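Coordinates in review
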Amino acid sequence: MIELKNITKTFLHKKGNFTALKDVSLFVPKGKIFGIIGASGAGKSTLIRTINLLEPPTAGTVTIDGVEITSLSSSALAKERRHIGMIFQHFNLLSSRTVFDNVALPLELEGWSKAAIKERVLELLKLVSLEDKTDHYPANLSGGQKQRVAIARTLANSPKVLLCDEATSALDPATTNSILALLKDINERLNITILLITHEMKVIKKICDEVAVISEGKIIEQGLVGEVFSNPTHPLTREFILEYV
Ligand SMILES: Nc1ncnc2c1ncn2[C@@H]1O[C@H](COP(=O)(O)OP(=O)(O)OP(=O)(O)O)[C@@H](O)[C@H]1O
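Description of the structure in this document. (Residues numbered from 1 in each chain as written. Predicted model: local features only at pLDDT ≥ 70, side-chain atom pairs only at ≥ 80, totals over all residues. Heavy atoms only, no water.)

Section: the sheet that holds strand E2 (residues 18-28)
Strand order across the open sheet formed by four strands is E2-E1-E4-E5, with antiparallel pairing between neighbours. Because the sheet does not close on itself, it has two edges, and the strands there are E2 and strand E5 (67-68). As paired elements, strand E1 (residues 2-11) and E2 share seven bridges and run antiparallel to each other. The residue of E2 that forms the bridge with Lys 9 is Leu 21. (Pairing = 2+ DSSP bridges. Helix = DSSP H or I, 4+ residues; strand = E, 2+ residues; numbered from the N terminus.)

Structure below.
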């Protein structure tokens, strides 16, 4: 479903270039939850941003559901991007819009009718258990509620893939668990493939089917979560597991 082949990303600067991703290859099967774990500065954010080409790779290809998006024109890419949802650590909601209007935004941009928007937004808010907050503004919501709004908004376009950029890192442990449970529920109910990045092994253990460990821009280990936990081959993977247990 998501295939990265030989992705390299070099940031070009006058003071010197920096290669943040080095020959990264990954395959995320349809309907699975795939986690990428790494320490600060390992290249996680850069990697997840290359998947929807927010950060175009310097070399390598990205293929989503059979479409190699790295070779598309900008108009074709804009169309494909609608199938790729993304949520962020700091939610990225519009503070001047209510919960309802935040979720409605992608549908307004697609030219949906008012009646169809209302039906869809209420359905999405029910899915994330926020039916009672439609008229609230983001400033009056908890962190977990804000992330639920962001999830509902990104699901509005019925994406095939959901990218989660440290989606629970700003949340307390109980709220983290409820958001992870929601992501698992969405994955199972809507069959959406999820790729997430995190610095916490408990996130991987809780919902991921497969995991890759990234260090200094390279994937140093990957496999099924159960197998990597029972038989880690790289010292850094062992460190992450020890922090978890
Ligand atoms: N625009 C940029 N120009 C130059 N270097 C960059 C740029 N963006 C990221 N980097 C560098 O690339 C490396 C990887 O950064 P990245 O943000 O992907 O790491 P990360 O694993 O997500 O870290 P964190 O968990 O702290 O967010 C870092 O050394 C960072 O300084």
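Structural notes on the pattern of salt bridges
Should their charged atoms come close, side chains of opposite charge can pair. If you walk through the whole model with that rule in mind, you get nine salt bridges. Linking Arg 49 and Glu 55 is a salt bridge whose minimum nitrogen-to-oxygen distance equals 3.6 Å. Residue Arg 49 is classed as partly exposed on the basis of its relative accessible area of 30%. Because the salt bridges share partners, they merge into one network encompassing Lys 9, Arg 49 and Glu 55. (Salt bridge = Lys/Arg side-chain N within 4 Å of Asp/Glu carboxyl O. Buried < 20%, exposed > 50% of the residue type's maximum accessible area, 1.4 Å probe, protein only.)

Quick notes on unusual backbone geometry
Unusually for a residue other than glycine, Asp 23 sits at a positive phi of about 55°. In this structure, Asp 23 sits in strand E2. Even without glycine at this site, Phe 91 takes up a positive phi of about 70°. Topologically, Phe 91 is positioned in the loop between strand E6 (84-88) and helix H3 (99-109).

A short note on empty space enclosed by the protein
This structure, assessed with the given rule, holds one cavity of 30 Å³ or more. Roughly 70 Å³ of volume is contained in the largest cavity. Together, Cys 164, Glu 166, Ala 167, Thr 168, Ser 169, Leu 180, Leu 183, Leu 196, Ile 197, Thr 198 and Val 203 line the largest cavity. In terms of residue count, strand E8 (residues 193-198) provides more of the lining of the largest cavity than any other element does, three residues in total. When its residues are assigned to classes, the lining of the largest cavity shows seven nonpolar, three polar and one charged. (1 Å grid on protein atoms, 1.4 Å probe; cavity = no way out; pocket = protein on both sides within 12 Å on 5 of 7 lines; lining within 4 Å. Points joined across faces, edges and corners; volume = space filled by probe spheres on them. Nonpolar A, V, L, I, M, F, W, Y, C, P; charged D, E, K, R; others polar.)

Keep in mind that these numbers describe shape and distance, not what the molecule does.
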